[in-house]
Amino acid sequence: MAAAENKRAVVLLSGGLDSAVLLAQLRSEGWETLALSCDYGQRHRRELVSAQALAAHYGLVHETADLRALAHLLGSSLTTAGVPVPHGHYTAENMKSTVVPNRNMILAAVAAGWAISQKASAVAYAAHSGDHTIYPDCREEFAQALDNALRLCDWSEVRLLRPFTGKSKAELVTLGTRLGVPFQLTWSCYEGGDRHCGECGTCVERIEAFQLAGVADPTAYA
């Protein structure tokens, strides 16, 4: 008799809309999910509060990795004081300053280490098609290479799940609505305040996604 498939996965749970939908999607497919968030000195640390709330909502084992010592290495408007977060429509040029160099490789490596220790077979991240032109580490070519590396990093194979690389954010809103995702618990804003600013690129993208999906946006904007 063939061995049962190991359907235990570590989900990189930022607290954002995308990772919340990813979590719900995997659970709907029968995956046992563990949640990992990372504090890398991001100015929008408010997202970690949302990650905790989402983990509590789903009753998950949840850990937050303290990577703040890396903040001075990363050089981004998300980690560097005095560098403004761009406002307006989410485009490749005006959002380049929000790129945190090699973030997804760093976070996936940490998640893979925890996955191996927890005897999980996969790490999952929520890169989607709207991110590709702006964030190099959201491209499918990158994800494929990272998947190959994770499968080789230990005697126990760990794979990278990335089911949303062909989906838009509006499609994620539609999917999340069907799966009952508590969008009111999620966080997108890069400005770092206590409420969504409604003006930064990620807020604008969030607003547009709900509009395009025809779903009421539960977010309170400043």
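Described in the following lines is the structure provided in the data block. These numbers were taken from a predicted model, which means no experiment stands behind them. (Residues numbered from 1 in each chain as written. Predicted model: local features only at pLDDT ≥ 70, side-chain atom pairs only at ≥ 80, totals over all residues. Heavy atoms only, no water.)

### Section: the environment of Leu 17
And then number 1: For Leu 17, the position within the fold is in helix 1 (residues 17-28).
And then number 2: Along the chain, Leu 17 and Arg 206 lie 189 residues apart, while their C-alpha atoms are 8.3 Å from each other.
And then number 3: Setting aside residues up to four positions removed in sequence, Leu 17 forms contacts with Leu 172, Val 173, Phe 183, Thr 186, Trp 187, Ser 188, Arg 206 and Phe 210. (Helix = DSSP H or I, 4+ residues; strand = E, 2+ residues; numbered from the N terminus. Contact = heavy atoms within 4.5 Å.)

### A closer look at the pairing of strand 2 (residues 32-39)
And then number 1: Within strand 2, seven of the eight residues are buried, which leaves it mostly tucked inside the rest of the structure.
And then number 2: Strand direction decides the pairing type here: strand 1 (residues 8-12) and strand 2, joined by five bridges, are parallel. Note on strand 2: the bridge partner recorded for Ala 9 is Thr 33.
And then number 3: Taken together, strand 1, helix 1 and strand 2 form a β-α-β motif whose crossover is right-handed. (Buried < 20%, exposed > 50% of the residue type's maximum accessible area, 1.4 Å probe, protein only. Pairing = 2+ DSSP bridges. Right-handed = clockwise from strand over helix to strand, strands pointing away.)

### Structural notes on the nonpolar core
And then number 1: Counting 32 residues, the largest nonpolar core has Val 10, Leu 12, Leu 36, Val 123, Tyr 125 and Leu 160 as the members making the most contacts within it.
And then number 2: Contributing elements (two or more residues each) for this core: strand 1, strand 2, helix 4 (103-117) and helix 5 (140-152).
And then number 3: The contact partners of Leu 36, leaving out residues within four places of it in the chain, are Val 10, Val 11, Leu 12, Leu 13, His 62, Glu 63, Ala 65, Val 110, Ala 111 and Trp 114.
And then number 4: Counting residues in each nonpolar core, the second largest holds 29 residues, with Tyr 58, Ala 126, Leu 175 and Ala 209 among its members. (Core = buried A, V, L, I, M, F, W, Y, C linked by side-chain atoms within 4.5 Å.)

### Quick notes on the sheet that holds strand 3 (residues 62-66)
And then number 1: Pairing is parallel in the open sheet, where five strands are placed in the order 3-2-1-4-5. Each edge of the open sheet is held by one strand with a lone partner, namely strand 3 and strand 5 (159-161). Geometrically, the sheet is characterised by an average inter-axis angle of 30° between neighbouring strands, direction not taken into account.
And then number 2: The strands touched by helix 1 within the sheet are strand 1, strand 2, strand 4 (122-124) and strand 5, with strand 1 carrying the most contacts at an inclination of about 170°.
And then number 3: Packing of helix 2 (residues 46-58) onto the sheet brings it into contact with strand 2 and strand 3, and relative to strand 2 it is tilted by some 165°. (Axes fitted to C-alpha atoms, helices over the stretch in contact; angles between N-to-C directions.)

### Topic: empty space enclosed by the protein
And then number 1: A full pass over the atoms with the stated rule returns three cavities of 30 Å³ or more.
And then number 2: Contributing to the lining of the largest cavity are 33 residues, with Ser 14, Asp 18, Glu 47, Arg 103 and Tyr 190 lying nearest its centre.
And then number 3: Elements represented by at least two residues in the lining of the largest cavity include exactly helix 1, strand 2, helix 2, helix 4 and helix 7 (201-213).
And then number 4: The residue inventory of the lining of the largest cavity, partitioned by class, reads 17 nonpolar, ten polar and six charged. (1 Å grid on protein atoms, 1.4 Å probe; cavity = no way out; pocket = protein on both sides within 12 Å on 5 of 7 lines; lining within 4 Å. Points joined across faces, edges and corners; volume = space filled by probe spheres on them. Nonpolar A, V, L, I, M, F, W, Y, C, P; charged D, E, K, R; others polar.)

### Side note on helix 1
And then number 1: For helix 1, with twelve residues, the first-to-last C-alpha span of 17 Å sits near the 16 Å given by 1.5 Å per residue.
And then number 2: For helix 1, the tally of buried residues reaches ten of twelve residues, placing the bulk of the element in the interior.
And then number 3: Taken together, the buried positions of helix 1 are occupied by Leu 17, Asp 18, Ser 19, Ala 20, Val 21, Leu 22, Leu 23, Ala 24, Gln 25 and Leu 26.
And then number 4: With its phi angle positive at about 90°, Gly 30 sits one or two positions after the end of helix 1. (Expected span 1.5 Å × (residues − 1).)

### What to know about the state of the cysteines
And then number 1: Summed over the entire model, instances satisfying the criterion amount to zero disulfides.
And then number 2: No disulfide involves Cys 200; its sulfur sits 3.7 Å from the nearest other cysteine sulfur, which is in Cys 197.
And then number 3: Taking relative accessible area as the criterion, Cys 200 reaches 0% and is therefore assigned buried. (Disulfide = S-S within 2.5 Å.)

### Here's the deal with helix 7
And then number 1: Taking 1.5 Å of rise per residue, the 13 residues of helix 7 would be expected to cover 18 Å, and the 18 Å separating its terminal C-alpha atoms lies within 8% of that figure.
And then number 2: By the burial criterion, the buried members of helix 7 are Gly 201, Thr 202, Cys 203, Val 204, Glu 205, Arg 206, Ala 209 and Phe 210.
And then number 3: The inward-facing, buried residues of helix 7 abut helix 1 and helix 6 (169-179).
And then number 4: Immediately downstream of helix 7, the backbone of Gly 214 shows phi near 70°, a positive value.

### Quick word on the pattern of salt bridges
And then number 1: Counted under the stated rule, the structure contains ten salt bridges.
And then number 2: Two residues, Asp 147 and Arg 162, come together in a salt bridge whose shortest N-O distance is 3.9 Å. Here the residue Asp 147 occupies a position in helix 5, and Arg 162 occupies one in the loop between strand 5 and helix 6, the gap between them amounting to 15 residues. An identical accessibility class is assigned to Asp 147 and Arg 162; each is buried.
And then number 3: Through salt bridges with shared partners, one network takes in Glu 140, Asp 147, Arg 151, Glu 157 and Arg 162. (Salt bridge = Lys/Arg side-chain N within 4 Å of Asp/Glu carboxyl O.)

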